Amino acid sequence: MTILPHRTATALVVVDVQNDVMASVHDRQRVIDNILVLVSRARDTKTPVIWVQHSSDKELFFGTDGWQLLDELPVAPSDPIVHKKHGDAFEGTGLEADLAAFGVGHVVIAGAHTDFCIRSTLHGALVRGYDVTLVSDAHTAEDMTEWGAPPPAQVIAHTNMYWDNQTAPGRTAAAVVTERVAFSAPIR
C-alpha cells in the first residue's frame, strides 16, 4: 500500500501522447487503442484521468501542432492537463497537487516514450510515495537503434520486466496488461 496516508484513490496518468511524440513509435495504433480502453474504464469508475504534455526549447515547442495531444484522445474539459519540460512528469509541474486534490495514492501510467518520460515518471512517482502500475501494453518507444539502443520491442519488454520487479518500502510496483487493469470508484 502507498505510504501516502489517507490517499486511497487511483488516477490514470497518460504521458506525452502528442502528435510529434507518437509520429513514429512502435505499435502506435495498438498503444492508442489500449489507452482509449483505459480512459473509458477510468471514466466508468469516476477515476481521474490526467494528461501530460511535454515541451522543450529544442524540438517540441509549446502550442505547436506537433505539441498537441492526439485528436483521437477523449480529453474532457474537467481533466487536468499537466505541462512539463522534464522527463519526470512531477518535476516542476502541478501533477503532485492534482493527485493530492483527488486523494490519489496509486497511479496507473501509460503513454510515451518508454525509455525517457515513462521511465522517469515511474521512478518519480515511486520515490514520492505512490504505488505505481505501468500498463505493459500501453506504452511505446521510437526506434533508437541508430544510437545504440535495443529495438523498441526490447526496450518495452525490458521496462515491463524491471518495473514488475521494482520494490520500495511500503509501496507497490507492477506492470500489467490493459485487460487486467481494473479501476474502482474512489472511496470517499
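You'll find the structure just up there.
Cut-offs applied
- Residues numbered from 1 in each chain as written.
- Predicted model: local features only at pLDDT ≥ 70, side-chain atom pairs only at ≥ 80, totals over all residues.
- Heavy atoms only, no water.
- Pairing = 2+ DSSP bridges.
- Helix = DSSP H or I, 4+ residues; strand = E, 2+ residues; numbered from the N terminus.
- Axes fitted to C-alpha atoms, helices over the stretch in contact; angles between N-to-C directions.
- Contact = heavy atoms within 4.5 Å.
- Phe/Tyr/Trp six-rings, centres within 6.5 Å; stacked < 30°, edge-to-face > 60°.
- Buried < 20%, exposed > 50% of the residue type's maximum accessible area, 1.4 Å probe, protein only.
- 1 Å grid on protein atoms, 1.4 Å probe; cavity = no way out; pocket = protein on both sides within 12 Å on 5 of 7 lines; lining within 4 Å.
- Points joined across faces, edges and corners; volume = space filled by probe spheres on them.
- Nonpolar A, V, L, I, M, F, W, Y, C, P; charged D, E, K, R; others polar.
- Salt bridge = Lys/Arg side-chain N within 4 Å of Asp/Glu carboxyl O.
- Expected span 1.5 Å × (residues − 1).
- Arc of directions from axis to C-beta.

### Some thoughts on the sheet that holds strand E6 (residues 173-176)
So, step 1. Spatial strand order, E3-E2-E1-E4-E5-E6: 6 strands in an open sheet with parallel pairing. Across the chains shown, the open sheet's two edge strands, defined by having one partner strand only, are strand E3 (81-84) and E6. Averaged over all adjacent pairs, the angle separating strand axes in this sheet is 25°, with direction ignored.
So, step 2. Note that strand E4 (residues 104-112) and strand E5 (residues 131-140) share 6 bridges and pair parallel. Paired with Val 107 across the bridge in E5 is Val 132.
So, step 3. Across the sheet, helix H1 (residues 28-44) is in contact with strand E1 (9-15), strand E2 (49-54), E4 and E5; its angle to E5 comes to roughly 140°.

### Concerning the packing of aromatic side chains
So, step 1. Counted under the stated rule, the structure contains 3 aromatic pairs.
So, step 2. On the numbers, 4.5 Å between centres and 45° between planes, the contact of Phe 62 with Trp 67 is tilted.
So, step 3. Since its relative accessible area comes to 54%, Phe 62 is described here as exposed.
So, step 4. The interplanar angle of 35° and the centroid separation of 5.6 Å between the aromatic rings of Phe 90 and Tyr 130 together place this pair among those described as tilted. Here the residue Phe 90 occupies a position in the loop between E3 and helix H2 (95-101), and Tyr 130 occupies one in the loop between helix H3 (114-127) and E5, the gap between them amounting to 40 residues. Judged on exposure class, the residue Phe 90 and its partner Tyr 130 are both buried.

### Some details on the layout of surface pockets
So, step 1. There is about 380 Å³ of room inside the largest pocket.
So, step 2. Around the largest pocket, the lining is made up of 13 residues, and of these Val 21, His 54, Glu 59, Leu 60 and His 113 lie nearest the centre.
So, step 3. Residue composition of the lining of the largest pocket, by class: 6 nonpolar, 3 polar and 4 charged.

### Focus on the pattern of salt bridges
So, step 1. Overall, the coordinates contain 7 salt bridges when judged by the stated rule.
So, step 2. Between Lys 84 and Asp 16 there is a salt bridge, with the nearest N and O atoms lying 2.9 Å from each other. One end of the pair, Lys 84, is in strand E3; the other, Asp 16, is in the loop between E1 and H1, and 68 residues separate them in sequence.
So, step 3. Residue classification places Lys 84 among the buried positions, given a relative accessible area of 1%.
So, step 4. Through salt bridges with shared partners, one network takes in Asp 88, Glu 91 and Arg 128.

### Comments concerning H1
Each full turn of the α-helix corresponds to 3.6 residues, which orients residues three or four apart in the same direction.
So, step 1. With 17 residues, H1 should cover 24 Å at 1.5 Å per step; its first-to-last C-alpha distance of 25 Å lies within 8% of that length.
So, step 2. All of the buried residues along H1 are Val 31, Ile 32, Asn 34, Ile 35, Leu 38, Val 39 and Ala 42. All buried residues of H1 lie within an arc of 160° about the axis, which places them on one face of the element.
So, step 3. In the core, the buried residues of H1 are packed alongside E1, E2, E4 and E5.
So, step 4. Backbone geometry just after H1 places Lys 46 at a positive phi near 60°.

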